[in-house]
Amino acid sequence: MLKPHPVILRRLVEEYEEAVRQEGREAASRPGHRAQDLAYTLCVTTGTRDVRRALEEARRQVAAAYEPTVGGAPVGA
């Protein structure tokens, strides 16, 4: 499976969260078009079918990409 660049994932998460914030409280139960488009993109990008799972996976991948490594293994592992 192709992996998206962490910068792209981080930007998608930020844009999704901003779209939800801008759409107000109603967006939590019925997201607007921008939030729906971003949710779909996040799901496709992370290989998931649920936006909550997509957000978790995107955050995990971004964190892993910026985790310091020594010899290919995470520091402290």
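Residues numbered from 1 in each chain as written. Predicted model: local features only at pLDDT ≥ 70, side-chain atom pairs only at ≥ 80, totals over all residues. Heavy atoms only, no water.

Enquirer: Just checking my understanding: could you explain the overall build of the protein for this structure?
Expert: Along the backbone of the protein there are 3 helices and 2 strands. Listed N to C, the secondary structure of the protein is α-α-α-β-β in terms of helices and strands. Taken over 77 residues, the protein has a buried fraction of 27%. Expressed as a percentage of contacts within the protein between residues at least 6 apart in sequence, the contacts between residues at least 24 apart total 47%. Accessible area of the protein: about 5,800 Å², with a carbon and sulfur share of 53%. (Helix = DSSP H or I, 4+ residues; strand = E, 2+ residues; numbered from the N terminus. Buried < 20%, exposed > 50% of the residue type's maximum accessible area, 1.4 Å probe, protein only. Contact = heavy atoms within 4.5 Å. Areas by Shrake-Rupley, 256 points an atom, 1.4 Å probe, with all protein chains shown as cover.)

Enquirer: It is not clear to me how the side chain of Glu57 should be interpreted in this structure. Could you clarify?
Expert: For Glu57, the location among the structural elements is in helix 3 (residues 51-65). A polar side-chain atom of Glu57 sits 2.9 Å from a polar atom in the side chain of Gln61. (Polar contact = N/O pair within 3.5 Å; in protein donor to acceptor, adjacent residues only side chain to side chain.)

Enquirer: What am I meant to see in helix 3 here?
Expert: Three or four residues apart is the spacing at which side chains of an α-helix point the same way, because the helix has 3.6 residues per turn. The end-to-end C-alpha separation of helix 3 is 21 Å, in line with the 21 Å expected for 15 residues at 1.5 Å each. Here helix 3 has its buried residues at Ala54, Leu55, Glu57, Ala58, Gln61 and Val62. Take helix 3 and look down its axis: the buried residues cluster within an arc of 170°, on one side only. Contacts from the buried residues of helix 3 go to helix 1 (6-22) and helix 2 (33-46). (Expected span 1.5 Å × (residues − 1). Arc of directions from axis to C-beta.)

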